[in-house]
Amino acid sequence: WRCYIRERAPPTLEGMARSPLTLAASVTSALPDVGVVDVATLSEGAAGRYDSAVATLDDGRRIVVRVPAVEDAVDELAAEARALRALTAGVRAVLPFRAPELLGEAGIGTSRAIVVDLLPGYRVDPSYLPAGKGAATAIGSALAGIHALPVAVIRAEGLAVHSPAQTREGARRLVDRADATGCLPFGLLRRWSQAVATDALWQFESTVVLGGADPSAFLLEDNEEGPSVTGMLGWHGLAAGDPAVDMRWLASAPDA
């Protein structure tokens, strides 16, 4: 009973949420040759970690501008921009779906905003993914497309490459930290420790990974054959490592 987590709002940057008009001004800084004709707040389901807006440009394009709203989102947004730059035209051509295109960046107060194009589609919370062929299999196929990318894409941009040995050591440290809390049931500690000690579980080949895929980041569209993934958001964890990390979301998708 002594082991619990007290939820606490993370510290915000600059004290208050930025208005859509403020975010629109950062668009004109990032894209000086365009004008903004309309802007509205964009809810991304990111638990208040970002201030976001969708804007319509004078050339008809719709774009998204995002600014960190909390301290720990600053590095995440920088990693997102770096990952999107790593997705060259050649890489995007072999992906089975679209990824946002990084259109520009601009300073806004003490933070930095990124501007990307708006991708169409709807998202599904993992807990509502149905069983059988459909959205779950579409997301699985999309993940397979990412895992099939050459690891050279990651190395060329200097992104993290984790070997099986490094991944195993990271898991061992995680188990040690969990055990040190005094809150880890012995049966679970034994199960995890046995998994870390089992050589056969760590004989994988490092692949391109998202660093922990979130199915709600996959954009879906319906067609005659059922749902298909047409786009994906959330690239900040792009790296090379254990492909199993992108399947951990299944724990929150019991039917899928």
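No experiment lies behind these values; they were computed from the predicted model shown.

Engineer: Please clarify how the environment of Pro164 should be interpreted in this entry.
Structural biologist: Mapped onto the elements of the fold, Pro164 is located in helix H6 (residues 164-180). Measuring from C-alpha to C-alpha, the distance between Pro164 and Glu205 comes to 7.2 Å, with 41 residues separating the pair along the chain. Sequence-distant contacts of Pro164, defined by excluding residues within four places in its chain, comprise Trp202, Phe204 and Ser206.

Engineer: Whenever I open this one, the packing of aromatic side chains confuses me. Can you help?
Structural biologist: Ring pairs (aromatic) are described by centroid distance and by the angle formed between their planes. Evaluation of the coordinates by the stated rule reveals 2 aromatic pairs. Between Phe97 and Phe218 the ring centres are 6.4 Å apart and the planes differ by 80°, which places this aromatic pair in the edge-to-face class. A residue pair is termed long-range when its members are at least 10 positions apart, and Phe97 in the loop between helix H3 (89-94) and strand E4 (102-108) and Phe218 in strand E7 (residues 218-223) qualify at 121 residues. Assessed through its relative accessible area of 1%, Phe218 is described here as buried. Arranged with centres 6.3 Å apart and planes meeting at 40°, the rings of Phe97 and Trp235 form a pair that is tilted.

Engineer: Is there a simple way to explain the packing of H6 against helix H7 (residues 186-197) in this structure?
Structural biologist: If you want to describe how two helices pack, look at the angle between their axes and the distance between the axes. Packing of H6 against H7 brings their axes to within 10 Å, and their N-to-C directions diverge by 160°. In terms of their interaxial angle, H6 and H7 are classed as roughly antiparallel. In the packing of H6 onto H7, the handedness of the crossing is left-handed. Facing Arg168, Ala171, Arg172, Val175, Ala178 and Asp179 of H6, the residues of H7 in contact are Leu189, Trp192, Ser193, Val196 and Ala197.

Engineer: Is there a simple way to think about H6 in this case?
Structural biologist: Its 17 residues place the ends of H6 24 Å apart at the C-alpha level, agreeing with the 24 Å of an ideal helix rising 1.5 Å per residue. Turning to H6, its buried residues are Arg168, Val175 and Ala178. Projection of H6 onto a plane perpendicular to its axis shows the buried side chains occupying an angular sector of 85°, all on one side. Of the exposed residues in H6, the ones pointing more than 90 degrees away from its buried face are Ala165, Arg177 and Ala180. Where H6 is buried, its residues contact H7. Gly182 sits one or two positions beyond H6 and adopts a positive phi of about 80°.

Engineer: Which parts of the structure should I look at to understand the nonpolar core?
Structural biologist: The tendency in soluble globular proteins is for nonpolar side chains to be buried as a group. Core analysis: the biggest nonpolar cluster contains 42 residues, and Phe97, Ile146, Leu210, Phe218, Val229, Trp235 and Leu238 have the highest contact counts within it. If near-sequence neighbours (up to four positions away) are discounted, Leu238 is found in contact with Ala83, Leu87, Ile154, Leu159, Val208, Val209 and Leu210. Among the nonpolar cores identified, the runner-up in size contains 17 residues, and Ala24, Val39, Val65 and Ala113 belong to it.

Engineer: Any chance you could explain the pattern of salt bridges here in plain terms?
Structural biologist: Note that side chains of opposite charge can pair when their charged atoms are close. Inspection of the entire model under this criterion finds 9 salt bridges. One salt bridge connects Asp72 with Arg49, and the closest N-O pair in it is separated by 3.1 Å. With a gap of 23 residues between them, Asp72 in helix H2 (residues 72-86) and Arg49 in the loop between strand E1 (36-41) and strand E2 (50-57) connect regions that are remote in the sequence. Residue classification places Asp72 among the partly exposed residues on the basis of a relative accessible area of 48%. Each of Arg49, Asp72 and Glu76 takes part in one network of salt bridges that share partners.

The rules behind these values
Residues numbered from 1 in each chain as written. Predicted model: local features only at pLDDT ≥ 70, side-chain atom pairs only at ≥ 80, totals over all residues. Heavy atoms only, no water. Helix = DSSP H or I, 4+ residues; strand = E, 2+ residues; numbered from the N terminus. Contact = heavy atoms within 4.5 Å. Phe/Tyr/Trp six-rings, centres within 6.5 Å; stacked < 30°, edge-to-face > 60°. Buried < 20%, exposed > 50% of the residue type's maximum accessible area, 1.4 Å probe, protein only. Axes fitted to C-alpha atoms, helices over the stretch in contact; angles between N-to-C directions. Parallel < 35°, antiparallel > 145°, perpendicular 65-115°, else oblique. Left-handed = near helix turned anticlockwise from the far one by under 90°. Expected span 1.5 Å × (residues − 1). Arc of directions from axis to C-beta. Core = buried A, V, L, I, M, F, W, Y, C linked by side-chain atoms within 4.5 Å. Salt bridge = Lys/Arg side-chain N within 4 Å of Asp/Glu carboxyl O.

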